[in-house]
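# Breakdown of the fold
Read off the chains here:
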Amino acid sequence: MHTLLIQYLIEIIKYQRRLIILLALWLFQFISNSRMPQPDKPIYKRFNQFEVDEAVPLLAADIQPEKLDYQELLAQHLTDTGKPIKAVRRRKPIDFQALRCARCDAPSDYLYANNGKGGQLECKVCHFKFQRRDGDYKKDVSLRCPYCTHALYLHNKRVNFDVWVCPNDNCSYRQGKVAQLSPKQLAAFSAEPTRFKVRYTYRDFRFELKSVDADSPIQTTVDLGRIRATPQVLGLVLTYHINYGMSARKTAALMYDVHGIKISHQTIHNYEEAVAAVVRPFWANYPYKLSEELVGDETYIRVKGKWNYIFYFYDALNKLILADYVTPHRTSESAAIAINQVLQKFDVIPEKLRFIVDANPIYQVARIYFAKHGINFDIKQVIGLKNKDEVSTEFRYLKQIIERLNREYKGHYRSTTGFGSAKGSASYTTLFSACYNFLRPHEALNYHVPVPIDTVLAHERMFDKWLALIALAQEQLPVAA
């Protein structure tokens with residue numbers, strides 16, 4: 001009897017264990033497939049922990065050879081050796097008679113084709129190698145190692161990027177990596193060098209740049225000419241919602257409590273999208289007077305419960321917002337699209353144009369992308385929160401200016417507790433930028449607006465200024481066929 005009782009208790013314990021395991025599995029499946037909102041935070045990584053290259057490659061244009069005089073070199077060679085440097089003896093006529101050495105200015109008599117029809121020439125006087133740039137030769141951007149300036153070669157092609165590698169065995173980067181190997185690793189490296197990544201490697205990301213057309217990227221089904229509200233109501237809604245950063249619900253409540261006008265918060269969003277669709281082309285294509293030093297940064301916002309980013313570019317001298325690209329992706333392509341918004345505002349891109357940004361390497365990748373398409377500008381990166389290099393010390397004040405712009409936008413955006421749609425975020429951001437450039441007085445400009453327009457400033461009340469700006473933007477819209 002006692003033995004049966006013990007066996008019965010053992011079976012009960014086994015059954016309880018199985019039951020606990022089943023409940024744990026069921027709970028795991030429930031949590032995994034639950035539609036409850038998951039914690040979502042903006043992705044912040046230290047830039048030196050990003051999965052990108054340790055240094056950005058140099059462009060051929062960044063490497064300027066030391067200028068020499070071929071006549072002095074010829075005289076020096078004659079003095080040292082007692083023999084002159086003779087001109088190249090040719091068997092066939094050449095097609096680069098008009099070219100001269102890019103380093104010592106030697107005439108074509110001292111130049112010979114170094115790689116046949118490949119286009120590379122070498123000077124017999126200074127032994128400098130350079131690429132031909134005459135005729136129908138297609139000018140391309142040459143990537144060079146930032147450690148030894150040796151030309152990189154295309155090692156592999158991936159789906160979204162190309163892999164470039166420095167082939168120089170004497171590169172300081174390679175020598176430093178080899179010096180870090182232990183004796184055991186060094187023996188393995190001697191036997192199988194391909195097992196170790198000791199050469200400088202650069203990943204050149206490929207993407208097609210989305211152009212910013214004259215037409216508005218914001219589409220809406222609301223026709224401003226058919227809204228039920230009067231123009232004055234529309235102007236008041238924009239003043240409260242954009243200028244003072246009130247949410248759509250608070251704006252609707254204020255319109256009713258103060259002005260006795262009953263309007264829903266959704267109608268306010270509809271008006272916002274309709275006005276943004278009209279104002280966006282006007283803001284994007286206005287002939288601004290721009291400086292040659294622009295500052296850029298990205299900040300985060302919530303759209304449909306997810307973190308998105310706004311890429312801002314700003315003319316700190318003239319107090320102008322030039323780019324306000326809203327995107328869910330913090331990538332090189334996003335940076336290039338935002339920079340493209342700026343470049344399209346120039347009739348002629350200045351030779352000394354430069355962008356001051358943070359240490360995020362996506363801006364350098366975007367710079368190389370534009371250089372490949374013949375558009376050149378400089379990038380200055382302000383690193384960290386404290387000045388540890390000369391560039392950060394010189395341009396820190398510009399970075400602080402755009403940080404203040406980010407804080408001002410956040411002050412307006414915070415009352416919305418996030419946007420409900422991507423179109424809504426783009427619409428609000430467009431109106432904020434238009435208000436900043438055309439309507440908002442700036443203390444640094446003696447309380448004048450950055451872009452004074454007489455037909456807008458002729459009105460005293462802000463809601464009338466909004467209506468004048470809308471009317472001006474509508475006049476420049478293309479007439480539908």
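Residues numbered from 1 in each chain as written. Predicted model: local features only at pLDDT ≥ 70, side-chain atom pairs only at ≥ 80, totals over all residues. Heavy atoms only, no water.

### Considerations on the sheet that holds strand β3 (residues 120-123)
Taken together, three strands build an open sheet; the order of strands is β2-β3-β4 and the sheet is antiparallel. The two strands at the open ends of the sheet, each matched to only one other strand, are β2 (111-113) and β4 (129-131). Strand-to-strand twist in this sheet, taken as the mean axis angle between neighbours without regard to direction, amounts to 35°. Judged from the three bridges that link them, β2 and β3 form a sheet pairing that is antiparallel. Opposite tyrosine 112, over in β3, you have glutamate 122 as the bridge partner. (Pairing = 2+ DSSP bridges. Helix = DSSP H or I, 4+ residues; strand = E, 2+ residues; numbered from the N terminus. Axes fitted to C-alpha atoms, helices over the stretch in contact; angles between N-to-C directions.)

### A short note on unusual backbone geometry
Located in the positive-phi region is lysine 304, a residue other than glycine, with phi close to 55°. Residue lysine 304 is classed as exposed on the basis of its relative accessible area of 63%. Phi at lysine 319 is positive, roughly 60°, even though this residue is not glycine. As for its placement among the helices and strands, lysine 319 is situated in the loop between β10 (306-315) and β11 (320-327). (Buried < 20%, exposed > 50% of the residue type's maximum accessible area, 1.4 Å probe, protein only.)

### What to know about the packing of helix α5 (residues 231-243) against helix α6 (residues 248-259)
Closest axis-to-axis distance for the α5/α6 pair is 10 Å, and the angle between their directions is 130°. On the basis of the axis angle, α5 is oblique to α6. Between α5 and α6 the crossing geometry is right-handed. From α5, Val233, Leu236, Val237, Tyr240 and His241 reach across to α6, where they touch Ala248, Thr251, Leu254, Met255 and His259. (Parallel < 35°, antiparallel > 145°, perpendicular 65-115°, else oblique. Left-handed = near helix turned anticlockwise from the far one by under 90°. Contact = heavy atoms within 4.5 Å.)

### A few points about a nonpolar patch on the surface
Together, Leu5, Tyr8, Leu9 and Ile12 line one region of the surface with nonpolar side chains, adding up to about 380 Å² of accessible area. With respect to the element layout, isoleucine 12 can be found in helix α1 (residues 2-32). For isoleucine 12, a relative accessible area of 31% gives the class partly exposed. (Patch = residues over 30% accessible without salt bridge, like charges linked within 9 Å, V, L, I, M, F, W, Y side chains within 5 Å. Areas by Shrake-Rupley, 256 points an atom, 1.4 Å probe, with all protein chains shown as cover. Salt bridge = Lys/Arg side-chain N within 4 Å of Asp/Glu carboxyl O.)

### What about the packing of α5 against helix α13 (residues 462-475)?
Packing of α5 against α13 leaves a shortest axis separation of 8 Å and a crossing angle of 105°. Classified by the angle their axes make, α5 and α13 are roughly perpendicular. On α13, the residues that touch Pro231, Gln232, Leu234, Gly235, Leu236, Leu238, Thr239, Ile242 and Asn243 of α5 are Met462, Phe463, Trp466, Leu467 and Ile470. Residue composition of the contact of α5 with α13, by class: 10 nonpolar, four polar and no charged. (Nonpolar A, V, L, I, M, F, W, Y, C, P; charged D, E, K, R; others polar.)

### Remarks on the nonpolar core
Soluble, globular proteins show a tendency: their nonpolar side chains are buried together. Within the largest apolar cluster, 86 residues are counted, with the highest numbers of intra-cluster contacts made by Leu234, Phe313, Phe355, Tyr409 and Phe438. When residues of this core are assigned to their parent elements, the largest contribution, 10 residues, is made by helix α7 (residues 265-285). Look past the residues within four positions of phenylalanine 355 in its chain and what remains in contact with it is Leu294, Phe313, Ile339, Val342, Leu343, Phe377, Asp378, Ile379 and Lys380. (Core = buried A, V, L, I, M, F, W, Y, C linked by side-chain atoms within 4.5 Å.)

### Describing the pattern of salt bridges
Scanning the model with the defined rule gives 13 salt bridges in all. One salt bridge in this structure joins arginine 174 and aspartate 169, with 4.0 Å as the shortest N-O distance. Residue class for arginine 174 comes out buried when judged on its relative accessible area of 17%. Here arginine 195 and glutamate 192 are joined by a salt bridge, their closest N and O atoms 3.7 Å apart. Classification of arginine 195 as exposed rests on a relative accessible area of 55%. Three or more residues joined by partner-sharing salt bridges are found here, namely Asp169, Arg174 and Arg199.

### With respect to the pairing of strand β13 (residues 378-381)
What you see with β13 is a clean split: Ile379 and Gln381 sit on the buried side and Asp378 and Lys380 on the side with no burial. As paired elements, strand β12 (residues 354-357) and β13 share four bridges and run parallel to each other. The residue bridging valine 357 from the neighbouring strand is glutamine 381, located in β13. For the segment spanning β12, helix α9 (residues 362-372) and β13, crossover handedness is right-handed. (Right-handed = clockwise from strand over helix to strand, strands pointing away.)

### As for the packing of aromatic side chains
Throughout the structure, instances matching the rule amount to 24 aromatic pairs. Ring centres of phenylalanine 313 and tyrosine 363 lie 6.2 Å apart, and the angle between their planes is 85°; on these two criteria the pair is classed as edge-to-face. Of the two residues, phenylalanine 313 is situated in strand β10 and tyrosine 363 in helix α9; the sequence distance between them amounts to 50 residues. With respect to burial, phenylalanine 313 and tyrosine 363 carry one shared label: buried. Ring geometry for phenylalanine 432 against tyrosine 436: centres 6.3 Å apart, planes inclined by 40°, an arrangement best described as tilted. (Phe/Tyr/Trp six-rings, centres within 6.5 Å; stacked < 30°, edge-to-face > 60°.)

### Let's talk about the confidence of the model for the protein chain
Of all residues in the protein chain, 85% attain a pLDDT of 70 or more, and the chain-wide mean is 83. Between residues 44-52, whose pLDDT stays under 50, and residues either more than four places distant or in other chains, the model counts 11 contacts. Counted against residues more than four places away or in other chains, residues 210-216, with its pLDDT under 50, gives 16 contacts. (pLDDT = per-residue confidence, 0-100.)

### Focus: a positive patch on the surface
Where like charges cluster on the molecular surface, the positive patch consists of Lys83, Lys86, Arg89 and Lys124. Along the chain, arginine 89 falls in the loop between α2 (70-81) and β2. Exposure remark for arginine 89: the relative accessible area of 83% places this residue in the exposed category. (Lys, Arg positive; Asp, Glu negative; His and termini not counted. Charge placed at Lys NZ, Arg CZ, Asp CG, Glu CD.)

### Observations regarding the environment of cysteine 101
Considering the arrangement of structural elements, one finds cysteine 101 in the loop between α2 and β2. Taking the relative accessible area as the measure of exposure, cysteine 101 reaches 4% and is therefore buried. As a C-alpha pair, cysteine 101 and phenylalanine 128 span 27 residues in sequence and 7.7 Å in three-dimensional space.

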